[in-house]
Amino acid sequence: MTVTAYTVTGMTCGHCASSVSEEVGAIAGVSDVKVDVPTGTVTVTSESPIDESAVKAAVEEAGYTLAGPA
């Protein structure tokens, strides 16, 4: 089990968090996604390490920007 935290910019509400959680949660191997809107922290739990480019693409698909690891 791998837990990785990322910083996402542009999120302002629960709908933002839901969109990011849905897109990141669709990545193969991801078992849990927790989003903290005030800090912009997205914590991803996965079976094995997830390629950051996959997380970046998912965050961008939701309409936000991956600033990097938290």
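Everything quoted here is computed from the prediction, not taken from an experiment.

Okay, the overall build of the protein chain next. On a plain count of helices and strands, the protein chain comes out with two helices and four strands. For the protein chain, the N- to C-terminal ordering of α and β elements is β-α-β-β-α-β. Here the protein chain has a C-alpha radius of gyration of 10 Å; the compact-globule value for 70 residues is 11 Å, and the two agree. By principal-axis analysis of the C-alpha atoms, the protein chain measures approximately 30 × 20 × 20 Å.

Next up on the list: the environment of valine 3. Mapping valine 3 onto the fold places it in strand β1 (residues 2–9). Look at valine 3 and you get exposed, because its relative accessible area is 56%. In sequence terms valine 3 and glycine 25 are 22 residues apart; their C-alpha atoms lie 13 Å from each other. Beyond its immediate stretch of four places on either side in the chain, valine 3 contacts Thr43, Val44 and Thr45.

Our focus in this paragraph is the pairing of strand β2 (residues 30–36). Pairing of β2 with strand β3 (residues 41–46) involves six bridges; the strand directions are antiparallel. If you follow valine 33 over to β3, its bridge partner there is valine 44. The hairpin formed by β2 and β3 contains four residues between the paired strands, and glycine 40 there has a positive phi angle of roughly 75 degrees.

Those residues of helix α2 (residues 52–61) lying buried are Val55, Ala58 and Val59. Seen end-on, α2 carries its buried residues on one side only, within an arc spanning 100 degrees. On its buried side, α2 packs onto β1, α1 (14–25) and β4 (65–69). Downstream of α2 by one or two residues, glycine 63 has phi in the positive range, about 100 degrees.

What follows is about the sheet that holds β4. Spatially, β2-β3-β1-β4 is the arrangement adopted by the four strands of the open sheet, whose pairing is antiparallel. Strand pairing shows two members of the sheet lacking a second neighbour, β2 and β4, which therefore form its edges. Pairs of neighbouring strands in the sheet enclose a mean axial angle of 30 degrees, with direction left out of account. α1 contacts β2 and β3 of the sheet and is inclined by roughly 160 degrees relative to β2. Its contacts with the sheet place α2 against β1 and β4, and it is angled at close to 150 degrees to β4.

Here is what the cut-offs are and how they apply
Residues numbered from 1 in each chain as written. Predicted model: local features only at pLDDT ≥ 70, side-chain atom pairs only at ≥ 80, totals over all residues. Heavy atoms only, no water. Helix = DSSP H or I, 4+ residues; strand = E, 2+ residues; numbered from the N terminus. Rg over C-alpha atoms; globule rule 2.2 N^0.38 Å. Buried < 20%, exposed > 50% of the residue type's maximum accessible area, 1.4 Å probe, protein only. Contact = heavy atoms within 4.5 Å. Pairing = 2+ DSSP bridges. Arc of directions from axis to C-beta. Axes fitted to C-alpha atoms, helices over the stretch in contact; angles between N-to-C directions.

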